[in-house]
Structure formats: structure tokens, C-alpha cells
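Each chain, written out:
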Amino acid sequence: MASELHVDAIKHSGGTSAMTISSAGLVRTPAQSQLVQLFTHQQNSQAQTSSTSFVAVSGATTAFTPKFNNSKIIISLASFRLYISGSQRELGLALYKNGSQVDDWSTIYSNSAGASAIGGQYNQYIDQLSGHDGSAITYAWYIKSNNSDTTVAINTNGAGDGNYQFRIEEWQ
């Protein structure tokens, strides 16, 4: 006959917590950080705009449901080929959470005359949850141009040498 032991927490005799078990059966050990969930998406299609307001990048939006209400969420974006049509122009990158901008990741400048392709951009944002209600969080990467006569783009040719990767990690 099999036996079951029902516990919420296992503690050291000195009172320190060794592990906690959530109602979903997830085990948390406070002594070390643990990767709980990982989401990655690689996109090979082009995204471009000449809008001076931020617009969502296709393929760089996801709904992510944390397993714990106090996790550390790390959102990363690696883009390998960027394009700015014009000199003295800018491509703006930003992270949105549930439709609101939470971070203006970076601004990339073009100082050369005419069109320019720029390679290699890595951005990371840490979202420390506190009392999260367990619902999905939508994270999205947005781009914009600083001038309406300038086109900015990521993955300018879609041929595999200009892809970008969107990554979300949940840590406890």
C-alpha cells in the first residue's frame, strides 16, 4: 500500500526554511536561485517602421504566465541586424509590459550619410514580481524612428543573417 505525506514546507530544526511546496506542486528552495521557466522565440522576418511612435515588432510579443507570485523575470532581446535609412537618425527600442512601456532599452544612432546596416544589439530587463495575481503577463518589444522621413528596421533581409531572439526566464 502506498503512503502520502502532505506538507506545505520542510524546515530545519533551527526554524530556517529548506523548501516550500506550492499548491501547484512546485518546489522552491530558498538557498539557491533556480530557473523555473524558459521561453525563447527566434524570428527571421523583417520588421520596419517610419513611425515616430513605438510600434510592436512582429514575433516579439508573448503572454507569459509566472509560476510564482514573487519571481524574478528576465526579458532579453538579441537582434543581429538593424537598419536606419539616413544620416543623423535614430532607431528606438523599448519594452512594453501589458501594453505599457516599462523600459526604453536603447537608442541606436546612424552617423553615416545614406542607409546603414548595423549589427549586434543585446538588451535585458529584470522584472521583479511582488504579489503577482497569477495571470499572464504580456511582454513586447517595440521600435520607432526619430523622424518620419526615416525608415528603421530589424532583420533587414530575412535571409537568416539578420534574425532576432526574444527570451523570457522566470527565476526563483
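Residues numbered from 1 in each chain as written. Predicted model: local features only at pLDDT ≥ 70, side-chain atom pairs only at ≥ 80, totals over all residues. Heavy atoms only, no water.

(A) The overall build of the protein chain, seen in detail. Per the secondary structure count, the protein chain includes 0 helices and 15 strands. Taking all 172 residues of the protein chain together, 35% fall into the buried category. For the protein chain, the share of sequence-separated contacts (at least 6 apart) that also reach a separation of at least 24 residues comes to 78%. Accessible surface, the protein chain: about 9,300 Å² in total, of which carbon and sulfur atoms supply 46%. (Helix = DSSP H or I, 4+ residues; strand = E, 2+ residues; numbered from the N terminus. Buried < 20%, exposed > 50% of the residue type's maximum accessible area, 1.4 Å probe, protein only. Contact = heavy atoms within 4.5 Å. Areas by Shrake-Rupley, 256 points an atom, 1.4 Å probe, with all protein chains shown as cover.)

(B) Molecular detail of the environment of Val55. With respect to the secondary-structure elements, Val55 resides in strand β6 (residues 55–64). On the accessibility criterion, Val55 (28% relative accessible area) is partly exposed. Look past the residues within four positions of Val55 in its chain and what remains in contact with it is Thr49, Trp141, Tyr142 and Ile143.

(C) Representation of the packing of aromatic side chains. One pass over the structure, following the stated rule, counts 2 aromatic pairs. Ring geometry for Phe54 versus Tyr96: centroids 6.3 Å apart, planes at 70°, classification edge-to-face. Remark: Tyr96 occurs in strand β9 (residues 89–97) and Phe54 occurs in the loop between β5 (47–49) and β6; sequence separation between them is 42 residues. Using a relative accessible area of 16% as the deciding quantity, one classes Phe54 as buried. Between the aromatic rings of Tyr96 and Tyr142, the centroid separation amounts to 3.8 Å while the plane-to-plane angle is 20°, which identifies the pairing as stacked. With a gap of 46 residues between them, Tyr96 in strand β9 and Tyr142 in strand β13 (residues 137–145) connect regions that are remote in the sequence. A single burial state applies to Tyr96 and to Tyr142, both of which are buried. The structure contains a cluster of three or more aromatic residues connected by ring pairs, namely Phe54, Tyr96 and Tyr142. (Phe/Tyr/Trp six-rings, centres within 6.5 Å; stacked < 30°, edge-to-face > 60°.)

(D) Molecular detail of the side chain of Gln37. Tracing the backbone shows Gln37 in strand β4 (residues 35–43). Within the structure, the side chain of Gln37 is placed 2.7 Å from the side chain of Glu170, a separation counted as a polar contact. What Gln37 contacts, discounting residues up to four positions off in sequence, is Phe64, Thr65, Pro66, Lys67, Ile168, Glu169 and Glu170. (Polar contact = N/O pair within 3.5 Å; in protein donor to acceptor, adjacent residues only side chain to side chain.)

(E) Summary view of the confidence of the model for the protein chain. The share of residues in the protein chain with pLDDT of 70 or more is 80%, and the mean pLDDT across the chain is 80. Per-element confidence in the protein chain ranges from a low mean pLDDT of 58 for strand β11 (residues 115–118) to a high of 91 for β13. (pLDDT = per-residue confidence, 0-100.)

(F) Main features of a nonpolar patch on the surface. On the surface, a cluster of nonpolar side chains totalling about 290 Å² of accessible area is made up of Leu5, Val7 and Ile10. Among the secondary structure elements, Val7 is positioned in the segment before β1 (9–11). Residue classification places Val7 among the partly exposed positions, given a relative accessible area of 32%. (Patch = residues over 30% accessible without salt bridge, like charges linked within 9 Å, V, L, I, M, F, W, Y side chains within 5 Å. Salt bridge = Lys/Arg side-chain N within 4 Å of Asp/Glu carboxyl O.)

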